[in-house]
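Tertiary structure, described
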Amino acid sequence: MAKKSLVEAFNIKAEKKGIIGKSDYEMFPDKVLLDALRNKIIQSLIDNDIPEDKLLEQYINDEIDIAIEGYDLDPLARNHIFNLIQNEVSGYGPITELLDDNSITEIMVNGPNEVYVEMDGKIVRDETISFINDTHIIRTIQRIVQPLGRTIDASNPMVDARLRDGSRLNAIIPPLSLKGPVLTIRKFAKDLDSIEDLLRKGTMTTDMALFLEACVLAKLNVIICGGTGTGKTSLLNILSSFIHNDERIITIEDAAELRLRQSHVISLETRLINYEGEGEVTIRDLVRNSLRMRPDRIIVGEVRGKEAFDMLQAMNTGHEGSLTTLHANSPSDAINRLETMLLMNDMELPVSAIRGYIESAINIIINIERLSDGRRKVTSICEVDGFNKEDIALKEIFSFIQDSVADDGMVIGEFRQNKYIPKVLNKIKRYGITSLDNIFK
């Protein structure tokens, strides 16, 4: 979608909800006055308790009347102020509307007047949203994280948390952030609940979907790799839905984002270090503990450190059907990252032994990318197939090949199935799965 149409979409949203965009500030004497009135009313609400004999809506209206006395404001402008104040009291300040908008997948607050959002895979600046100052941003962050048992201040200037709807929040403030407070919220994709949603969006083909479903049902060990914001967790969540309902599943994450619908799911979440420098519980701690919990499946939201050894050890010792993600730009990069993670354990093992450990544990590697036009595609599905001399051999089963870019910026390409019969088909057939017979003839 072109940037102009996105801006127009914001203006339409603003008109419908009585919220005015940057181009409409002439309805106020000036923007400085708007900020001053908003700040004055918010401060009044902070300093004074709401009288018991007044409804919140009436109290806000009374405070607005006091603040705008002497100013001749258009009714739409007054309604705008009311919405802003109501969002401060019962919502999440200026970004309340953004959090409620399902078409927005990411919110990025870089400063009081610098708010960006991601829509349809494109990042644009939202001209209708602004904060009063840095303190206003910090106060909004605190309002969001306090119900989650988290806090942010000068002594604890960074927070990573999961909102109740599954969205992921990250905030960092001075002295760590030199620019000022920065807030990033990756919203939980409500329209990506099933494999059908991925097919509808063109993320993969039906044959690819059938193959991945069979891999999960046959308890193959699968890694999903890709860059930041490519949709790794969403894909992991969807693949997890193929697991049978009678299996005992243990999920391990830094901030719980997976939403499994099976009845026998144990969700574990890491814990940060406290003010005394104690109490930290890492992914590795939880992976080790999960092995004593009689799991049928272990799903790790993301491996990025020493826990990779414990994860692979679990895969090599009978805990089949494990799923995880990691940051890498290709399946071969994923193998290289795993090697690096195992070397971080300070084990005096030769590289050949480490590669043998990886080769015997991993069956399938899936790579997902966000293309230049914002669309997400599964660009490669590979099988780990022994060794090519000293290196781990990968055989690509499916791929997406980009041919060109159209004048409107849309990527032109096609999915391809390589002329290769995966060795994992033997294990898949042992599970009585015959849905792939017509795909791999």
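Calculation rules
- Residues numbered from 1 in each chain as written.
- Predicted model: local features only at pLDDT ≥ 70, side-chain atom pairs only at ≥ 80, totals over all residues.
- Heavy atoms only, no water.
- Helix = DSSP H or I, 4+ residues; strand = E, 2+ residues; numbered from the N terminus.
- Buried < 20%, exposed > 50% of the residue type's maximum accessible area, 1.4 Å probe, protein only.
- Areas by Shrake-Rupley, 256 points an atom, 1.4 Å probe, with all protein chains shown as cover.
- Pairing = 2+ DSSP bridges.
- Axes fitted to C-alpha atoms, helices over the stretch in contact; angles between N-to-C directions.
- Contact = heavy atoms within 4.5 Å.
- pLDDT = per-residue confidence, 0-100.
- Parallel < 35°, antiparallel > 145°, perpendicular 65-115°, else oblique.
- Left-handed = near helix turned anticlockwise from the far one by under 90°.
- Nonpolar A, V, L, I, M, F, W, Y, C, P; charged D, E, K, R; others polar.
- Disulfide = S-S within 2.5 Å.
- Core = buried A, V, L, I, M, F, W, Y, C linked by side-chain atoms within 4.5 Å.
- Salt bridge = Lys/Arg side-chain N within 4 Å of Asp/Glu carboxyl O.

Remarks on the overall build of the chain
When you go through the chain residue by residue, the secondary structure sums to 14 helices and 15 strands. Looking at the chain as a whole, 50% of its 441 residues qualify as buried. Accessible surface, the chain: about 21500 Å² in total, of which carbon and sulfur atoms supply 48%.

Considering the sheet that holds strand E7 (residues 222-226)
In spatial order, the strands read E9-E8-E10-E11-E7-E12-E13-E14-E15; together these nine strands make up an open sheet with mixed pairing. Unpaired on one side and paired on the other, strand E9 (265-269) and strand E15 (411-417) mark the two borders of the sheet. With strand direction ignored, the average angle separating the axes of adjacent strands in the sheet is 25°. With five bridges connecting them, E7 and strand E12 (residues 364-370) associate as parallel partners. Paired with Ile224 across the bridge in E12 is Ile366.

Some words on the sheet that holds strand E5 (residues 168-172)
The strand order E3-E2-E1-E6-E5-E4 describes an open sheet built from six strands, whose pairing is antiparallel. In this open sheet, the two strands that pair with only one neighbour each are strand E3 (122-125) and strand E4 (158-162). Across the sheet, the axes of successive neighbouring strands diverge by a mean angle of 15°, strand direction being ignored. Relative to strand E6 (residues 182-186), strand E1 (residues 104-111) runs antiparallel, the two being bridged by four bridges. For Met108, the partnering residue across the bridge sits in E6 and is Thr184. Relative to E5, helix H6 (residues 134-145) is tilted by about 140°, and along the sheet it contacts E1, E4, E5 and E6.

Brief notes about the confidence of the model for the chain
Averaged over all residues, the pLDDT of the chain equals 84, while 89% of them reach at least 70. Between residues 1-29, whose pLDDT stays under 50, and residues either more than four places distant or in other chains, the model counts 50 contacts.

What to know about the packing of helix H10 (residues 283-290) against helix H11 (residues 307-316)
Interhelical geometry of H10 versus H11 gives an angle of 20° and a closest axis separation of 8 Å. Our classification of the angle between H10 and H11 gives roughly parallel. Between H10 and H11 lies a crossing whose hand is left-handed. Counted together, Ile283, Arg284, Val287 and Arg288 of H10 and Glu307, Phe309, Asp310 and Met311 of H11 form the full contact between these two elements. Residues of the contact of H10 with H11, tallied by class, amount to four nonpolar, no polar and four charged.

A look at the state of the cysteines
Applying the stated criterion across every chain, the model contains zero disulfides. Cys225 forms no disulfide, and the closest cysteine sulfur to it belongs to Cys382, at a distance of 8.3 Å. Cys382 sits in the buried class, given a relative accessible area of 6%.

Considering the environment of Met315
You can see Met315 is positioned in helix H11. Note: C-alpha distance between Met315 and Leu220 (95 residues apart in sequence) is 9.4 Å. The residues touching Met315, leaving out its near neighbours within four places in the chain, are Asn221, Ser322, Ala361 and Ile362.

Considerations on the pairing of E7
Of all five residues in E7, five are buried, a share of seventy percent or more. The alternating pattern of E7 places Val222, Ile224 and Gly226 and Ile223 and Cys225 on opposite faces, both of which are buried. Two elements, E7 and strand E11 (residues 323-327), share five bridges in a ladder whose sense is parallel. Along E11, the bridge assignment pairs Cys225 with Leu326.

What about the nonpolar core?
Within the largest apolar cluster, 42 residues are counted, with the highest numbers of intra-cluster contacts made by Met204, Phe211, Leu235, Ile364, Ile366, Ile381 and Ile428. At the level of secondary structure, the elements contributing two or more residues to this core comprise helix H7 (195-200), helix H8 (206-217), E7, helix H9 (232-240), E12, strand E13 (376-388), strand E14 (391-405) and helix H14 (425-430). Sorting elements by how many residues they give to this core places H8 first, with seven residues. Apart from the residues within four sequence positions on either side, Met204 is in contact with Ile195, Leu198, Leu199, Ala209, Leu212, Leu235, Val378 and Phe415.

Brief notes about the pattern of salt bridges
All chains considered together, the criterion is met by 20 salt bridges. For Arg294, the salt bridge identified is with Asp296, shortest N-O distance 2.7 Å. When the shortest N-O distance is used, the salt bridge between Asp385 and Lys423 registers 2.8 Å. Highlighted residues: Asp385 in strand E13 and Lys423 in the loop between E15 and H14, separated in sequence by 38 residues. Each of the salt bridges in this network shares a partner with another, and the network as a whole consists of Glu118, Arg370 and Arg376.

A few points about the environment of Gly305
Among the secondary structure elements, Gly305 is positioned in the loop between strand E10 (297-300) and H11. The class for Gly305 is buried, based on a relative accessible area of 8%. On a C-alpha basis, the gap between Gly305 and Leu338 in space is 8.7 Å, while along the polypeptide they are 33 residues apart.

Things to note about the packing of H11 against helix H12 (residues 331-343)
Following both chains from N to C, one finds H11 and H12 inclined at 105°, their axes separated by 7 Å at the closest point. In terms of their interaxial angle, H11 and H12 are classed as roughly perpendicular. In this structure, H11 uses Ala308, Phe309 and Leu312 to contact H12, whose residues at the interface are Leu338, Met341 and Leu342. When the residues that make up the contact of H11 with H12 are grouped by side-chain class, the tally is six nonpolar, no polar and no charged.

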